[in-house]
Amino acid sequence: MTETTWYSQGAFCWAECATTDLQGAKDFYPKLFGWEVEETPLPGGATYVQFLRDGKKVAGAAELGPDQAGIPPHWNTYIAVDDVDQVTKQAEQLGGTIVAEPFDVPDSGRMSVVQDPTGAAIGFWQAREHFGAEVYVEPNTMAWFELSSPDPERAVDFYR
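Because the structure is predicted, anything quoted here is derived from the model rather than measured.

A. Here's a closer look at the packing of aromatic side chains. The tally for this structure, following the rule as stated, stands at 12 aromatic pairs. Ring plane angle 40 degrees and centroid distance 6.2 Å describe the contact between Tyr-7 and Phe-131, whose orientation is recorded as tilted. Pair noted here: Tyr-7 is in the segment before strand E1 (12-19) and Phe-131 is in the loop between strand E8 (121-127) and helix H3 (152-159), with a separation of 124 residues, a long-range link. Just as Tyr-7 is buried, Phe-131 falls in that class too. Taking the centre distance of 4.5 Å and the plane angle of 10 degrees together, the rings of Phe-12 and Phe-145 count as stacked. Of this pair, Phe-12 sits in strand E1 while Phe-145 sits in the loop between E8 and H3, placing them 133 residues apart in sequence. A network of ring pairs unites the aromatic residues Phe-28, Tyr-29, Phe-33, Trp-35, Phe-51 and Trp-75 as a single cluster.

B. Representation of the side chain of Arg-110 in the model. With respect to the helices and strands, the residue Arg-110 is situated in strand E7 (residues 109-115). Taking relative accessible area as the criterion, Arg-110 reaches 17% and is therefore assigned buried. There is a polar contact of 2.9 Å between the side chain of Arg-110 and the side chain of Asp-85. A polar contact of 3.2 Å, which involves the side chain of Arg-110, links it to the side chain of Asp-104. In this structure Arg-110 touches Val-84, Asp-85, Pro-102, Phe-103, Asp-104, Phe-124, Trp-125, Gln-126 and Arg-128, once residues within four positions along its chain are discounted.

C. A look at the nonpolar core. Ranked by size, the top nonpolar core spans 16 residues in total, and within it Tyr-7, Cys-13, Trp-14, Tyr-78 and Trp-125 carry the most contacts. Going through the elements one at a time, E1, strand E5 (74-80), E7 and E8 are the ones with two or more residues in this core. Considering each element in turn, this core owes the most residues, three residues, to E1. If we skip the residues at most four places from it in the chain, Tyr-7 touches Phe-12, Cys-13, Ala-80, Phe-131, Gly-132, Ala-133, Tyr-136 and Met-142. One finds Leu-22, Tyr-29, Val-49 and Ala-61 within the second-largest nonpolar core, a separate group that totals 11 residues.

D. Molecular detail of the pattern of salt bridges. Within the structure shown, the criterion is met by six salt bridges. The partner of Arg-110 in a salt bridge is Asp-104, with the nearest N and O atoms 3.2 Å apart. Taking the relative accessible area as the measure of exposure, Asp-104 reaches 42% and is therefore partly exposed. The salt bridge partner of Arg-160 is Asp-157, with a shortest N-O separation of 3.9 Å. A relative accessible area of 74% means that Arg-160 is categorised as exposed. Each member of the salt-bridge network shares a partner with another, and the members are Asp-85, Asp-104, Arg-110 and Arg-128.

E. Looking closely at the environment of Thr-4. Among the structural elements, Thr-4 can be located in the segment before E1. Each C-alpha atom of the pair Thr-4 and Ala-155 lies 28 Å from the other, and the pair is 151 residues apart in sequence. With sequence-adjacent residues up to four places away left out, Thr-4 is seen in contact with Phe-131, Ala-133, Glu-134 and Tyr-136. One polar contact links the side chain of Thr-4 to the main-chain carbonyl oxygen of Trp-6, over a distance of 2.7 Å.

Basis of the calculations
Residues numbered from 1 in each chain as written. Predicted model: local features only at pLDDT ≥ 70, side-chain atom pairs only at ≥ 80, totals over all residues. Heavy atoms only, no water. Phe/Tyr/Trp six-rings, centres within 6.5 Å; stacked < 30°, edge-to-face > 60°. Helix = DSSP H or I, 4+ residues; strand = E, 2+ residues; numbered from the N terminus. Buried < 20%, exposed > 50% of the residue type's maximum accessible area, 1.4 Å probe, protein only. Polar contact = N/O pair within 3.5 Å; in protein donor to acceptor, adjacent residues only side chain to side chain. Contact = heavy atoms within 4.5 Å. Core = buried A, V, L, I, M, F, W, Y, C linked by side-chain atoms within 4.5 Å. Salt bridge = Lys/Arg side-chain N within 4 Å of Asp/Glu carboxyl O.

This is the structure in structure tokens:
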């Protein structure tokens, strides 16, 4: 089994389903992938779901909030960074648009969301207690992230 306890800067570390139907995701993905469900209550009555494989974290899920009305359900991807504030500023200097300024996720880490110059959104994750998926590149775990872009060269320049 490919397990980890940390991700180096630049590595994809987490995948998260953002959905309008959290209960549907909790029903669907465990049946599809054999995942277990772990729920964590959040302030304001929301719930964060972590999917597990053999007791190890592999992905997350959350309900899209009222401030995200009109955004279709999607999977978020997160890249591990050592300093989310610095990387977010650098991304903006390279032509990215800040969607969510860096903020703390209590005890878990610090994150931001940036739209790259070609329009794709990406999350940056500075870990504290939650570093990302504990198992990867195994059946029913994250193994591949791919960007479909209208301008691949510009995207490569940005991420490089």
